[in-house]
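Read off the chains here:
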Amino acid sequence: GQDACNVGDEGGFAPSVQDNTEALDVLMEAIEKSGHKEKVKIGTDVAASEFYNKDTQKYDLDFKHPEGSPDDMKKSPDEMIEYYQGWMEKYPTLCSIEDPFDQDDWEAYSKFQAAVGDSVQIVGDDLLVTNPKRIAKALEVKACNAL
């Protein structure tokens, strides 16, 4: 049935989980049980533009909740940086984070790159959209380290 497995936005495996941490826990458990813990690295496409509220300038981690999300699920860019750093501590095989912030949140990208860019790949896919002017700006403000 639908609870057994869903299909994600781009056709990927989407198990029924309640939050992002549970999803990463399930993934880590599967990697460990398969015997590939030492061979597998994790990358995630956060697609943060999808849950960024331009009016409040917050990221709503529970934006799909039918009754609205509680305030503690609405994060500032600095809180999102802490959130991602928590992932990196808990999941040391996490090596790539794509689109961790809204496509126009240059300041957050730059802060995140300064904080963790030496230890994780920060992919600016939606940020850069293969636009030469946006790529030049990303280089100038040190917004990400991967295209």
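Residues numbered from 1 in each chain as written. Predicted model: local features only at pLDDT ≥ 70, side-chain atom pairs only at ≥ 80, totals over all residues. Heavy atoms only, no water.

Quick word on the sheet that holds strand 4 (residues 52-53)
Threshold: Between any two strands, pairing holds if DSSP finds at least two bridges. The secondary structure listing takes helices from DSSP runs of H or I that are at least 4 residues long and strands from runs of E that are at least 2 residues long, numbered from the N terminus.
On the basis of which strands lie adjacent, the open sheet formed by three strands has the order 4-5-6 and antiparallel pairing. With partners counted over all chains shown, the strands left at the sheet margins are strand 4 and strand 6 (74-75), one partner each. Sheet topology places strand 4 next to strand 5 (residues 58-60); two bridges connect them, and they run antiparallel. Its bridge partner lying in strand 5, asparagine 53 is registered against lysine 58.

A short note on unusual backbone geometry
Applied cut-off: Here the term buried applies to any residue with accessible area under 20% of the maximum for its type, exposed to any over 50%, and partly exposed to those in between, with areas from a 1.4 Å probe on protein chains only.
Notably, aspartate 99 is not glycine yet its phi reads approximately 50 degrees, a positive angle. Within the fold, aspartate 99 resides in the loop between strand 7 (94-98) and helix 3 (106-116). The exposure class assigned to aspartate 99 is buried, which follows from its relative accessible area of 1%. For lysine 142, which is not a glycine, the phi torsion comes out positive at approximately 55 degrees. Within the element layout of this structure, lysine 142 appears in the segment after helix 5 (132-141). On the basis of relative accessibility, which here comes to 59%, the residue lysine 142 falls in the exposed class.

Some details on the packing of aromatic side chains
Aromatic ring pairs: the centre-centre distance and the angle between the two ring planes describe each pair. Going by this rule: Only the six-membered ring of Trp is used, alongside the rings of Phe and Tyr, when aromatic pairs are assigned; centres must lie within 6.5 Å, and planes under 30 degrees apart are stacked while those over 60 apart are edge-to-face, with the rest tilted.
Inspection of every chain in the model, using the stated rule, returns eleven aromatic pairs. An angle of 45 degrees between the planes, with centres 4.6 Å apart, marks the rings of tyrosine 52 and tyrosine 59 as tilted. The exposure class assigned to tyrosine 52 is buried, which follows from its relative accessible area of 18%. In this structure an aromatic cluster arises from ring pairing among Phe51, Tyr52, Tyr59, Phe63, Tyr83, Tyr84, Trp87, Phe101, Tyr109 and Phe112.

Let's talk about helix 1 (residues 20-34)
Heads up, the condition is: Given the number of residues in a helix, its expected span is that number minus one, multiplied by 1.5 Å. Directions drawn from the helix axis to the C-beta atoms are what define this arc. Throughout, a residue-residue contact means that at least one pair of heavy atoms, one from each residue, lies within 4.5 Å. Pairing of N or O atoms within 3.5 Å defines a polar contact, subject to two protein rules: one partner must be a possible hydrogen donor and the other a possible acceptor, and residues neighboring in sequence count only if both atoms are side-chain atoms.
Given a rise of 1.5 Å per residue, 15 residues ought to cover 21 Å, and the 21 Å separating the end C-alpha atoms of helix 1 matches this to within 8%. Those residues of helix 1 not exposed but buried are Leu24, Met28 and Ile31. Projection of helix 1 onto a plane perpendicular to its axis shows the buried side chains occupying an angular sector of 60 degrees, all on one side. Packed against the buried residues of helix 1 are strand 3 (42-45) and helix 2 (77-90). With a side-chain oxygen positioned 3.1 Å from the backbone nitrogen of threonine 21, the residue opening helix 1 is aspartate 19. Count one or two residues on from helix 1 and you reach glycine 35, which has phi positive near 80 degrees.

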